[in-house]
Amino acid sequence: MGASNVNASSQASSTPAKAKRYLWLCGAVVPLSPFLGWALVESVGPGLFWAFGVLLMAIVIPLVDLLTGPDLSNPTDEESAALENDAFYRWCTYLFLPAQYAGLVTACYLWVTAPMGWPERLALAATVGVVAGIGINAAHELGHKRTQHERWFAKIALAQSAYGHFYVEHNHGHHLRVATPEDAASARMGETFWQFLPRSVIGGVRSAWQHESRRLTRKGQRVWSPRNNVLNAWAMTVVLFGGLIAVFGWAVAPWLAFQAVFAVAMLEAANYLEHYGLLRERRKNGRYEKCSPRHSWNSDHLCSNLFLYHLQRHSDHHANPLRRYQTLRTRPEAPQLPAGYAVMMWLCLVPSLWRKVMDPRLLAHYDYDISRVNIHPPKRDELLAKYPLPDVPSAADPAAERPAAPAV
């Protein structure tokens, strides 16, 4: 395993689970963003503060991550059992939902009544989009649980982003096919975010619909029915948007559409970076090896993990998908991102910068053996020529070394 997996940070901190208990309430700051932005505009003045949600994600969280560094603490088995059974952590995610929709209703009111210009309305829509994007993350946490009410909460959280099929596809598609060429939500080396985006969106809808079609057909039930979890999740969006338009008028419709697109782009940016170029080995029987922490990019940056319910400990999540967020662990064998999602999601928007930062880390993870990488097919010949397979050091030349991995 390459040296990129080393959490080599002398500044790394260790924050025990008990010390982090109330820090998880930081997640509530995100759905309160429309209110906080409104308060800042009223008290300070500049309309820029309507974009409070974007400023939080693009500036505040990355700066705090930089100051606090990675958190390498893991709960013990005994602590994990207690944490799993502590209802406080569940309520941290449950309370996201009423705050999320209070912010959406408030934004609709402001779009039609507040003295804002188009740039300010757009800024508020971006803030609402950030809330909806993090709402998808809350839905991700809730949708993995076995309790029926948490699964319904997941669908409710997804209604704002009009991405209800994610509830089906993520669990029954992505988690089965992750880090393989067959997975639409696993980015390939050489594939830009802008190429990945339509492939993941279209592939996700197709995967969700196929799963529900097969499930209902096996049960002898109609595919086009309320029992279809894709259709009933989408119906929630229709009811939500229809109700808001009925109350506030058609003037809010374009902003509802914009914030949903913004939220989906945030989700897909996270999808893009979580498994970029990583590949599970195919066995002789044609099946892929079991997903392990080596097949997801990990980040232990404290602040962004608090705001994202430990989504960045993605390696342990895929290895243990039912494990609740507060008990997820950092894994030494997992490849490490150089920064938290709040930085990496912006970085992936610029393909040249992304390749410069991530391609060397990806190759280092696989000991510079590009044959083990999930490569974007149109770029295969180019990448194989650019990164030829390394010579295996012979016994006669024990000092032969491969290039050093980049620092993390």
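Scroll up for the structure.
Predicted, not measured: the structure shown is a model, and the values here were computed from it.

*Asks:* Please clarify how the nonpolar core should be interpreted in this entry.
*Replies:* Taken as a class, soluble globular proteins show a tendency for nonpolar side chains to be buried jointly. Formed by 101 residues in total, the largest nonpolar core has its most connected members in Trp111, Leu256, Tyr276 and Trp354. Among the elements that make up this core, the one with the highest residue count is helix α7 (residues 118-143) (13 residues). In contact with Trp111, other than residues within four places in its own chain, are Met116, Arg121, Leu124, Ala125, Val128, Val252, Trp255 and Leu256.

*Asks:* Quick question: what am I supposed to make of the environment of Arg121 here?
*Replies:* Following the sequence through the fold, Arg121 ends up in helix α7. Each C-alpha atom of the pair Arg121 and Ala51 lies 9.2 Å from the other, and the pair is 70 residues apart in sequence. If we ignore the near neighbours within four places in the chain, the residues touching Arg121 are Trp111, Ala114, Met116 and Trp255.

*Asks:* Just checking my understanding: could you explain a positive patch on the surface for this structure?
*Replies:* Side chains of Arg214, Arg218, Lys219, Arg222 and Arg227 sit close together on the surface and give a patch of like positive charge. Here Arg227 shows up in the loop between α10 (193-218) and α11 (229-248).

*Asks:* Just checking my understanding: could you explain unusual backbone geometry for this structure?
*Replies:* Glycine aside, a negative phi is what most residues show, and trans is what most peptide bonds show. Even without glycine at this site, Ala162 takes up a positive phi of about 55°. Positionally, Ala162 belongs in the loop between α8 (148-159) and α9 (166-177). The exposure class assigned to Ala162 is partly exposed, which follows from its relative accessible area of 32%.

*Asks:* Help me understand the packing of α7 against helix α12 (residues 253-274), please; the structure alone is not making it clear to me.
*Replies:* The packing of two helices is summarised by the inter-axis angle and the distance between the axes. Look at α7 against α12: their axes get within 7 Å of each other, and the N-to-C directions meet at 45°. Relative to α12, α7 is oriented oblique. By crossing handedness, the relation of α7 to α12 is classed as right-handed. For the pair α7 and α12, contact is made by Trp118, Arg121, Leu122, Ala125, Ala126, Val128, Gly129, Val130, Ala132, Gly133, Ile134 and Ile136 and by Trp255, Phe258, Gln259, Phe262, Ala263, Met266 and Leu267, respectively. When its residues are assigned to classes, the contact of α7 with α12 shows 15 nonpolar, three polar and one charged.

Cut-offs used in this document
- Residues numbered from 1 in each chain as written.
- Predicted model: local features only at pLDDT ≥ 70, side-chain atom pairs only at ≥ 80, totals over all residues.
- Heavy atoms only, no water.
- Core = buried A, V, L, I, M, F, W, Y, C linked by side-chain atoms within 4.5 Å.
- Buried < 20%, exposed > 50% of the residue type's maximum accessible area, 1.4 Å probe, protein only.
- Helix = DSSP H or I, 4+ residues; strand = E, 2+ residues; numbered from the N terminus.
- Contact = heavy atoms within 4.5 Å.
- Patch = residues over 30% accessible without salt bridge, like charges linked within 9 Å, V, L, I, M, F, W, Y side chains within 5 Å.
- Areas by Shrake-Rupley, 256 points an atom, 1.4 Å probe, with all protein chains shown as cover.
- Salt bridge = Lys/Arg side-chain N within 4 Å of Asp/Glu carboxyl O.
- Lys, Arg positive; Asp, Glu negative; His and termini not counted.
- Charge placed at Lys NZ, Arg CZ, Asp CG, Glu CD.
- Axes fitted to C-alpha atoms, helices over the stretch in contact; angles between N-to-C directions.
- Parallel < 35°, antiparallel > 145°, perpendicular 65-115°, else oblique.
- Left-handed = near helix turned anticlockwise from the far one by under 90°.
- Nonpolar A, V, L, I, M, F, W, Y, C, P; charged D, E, K, R; others polar.

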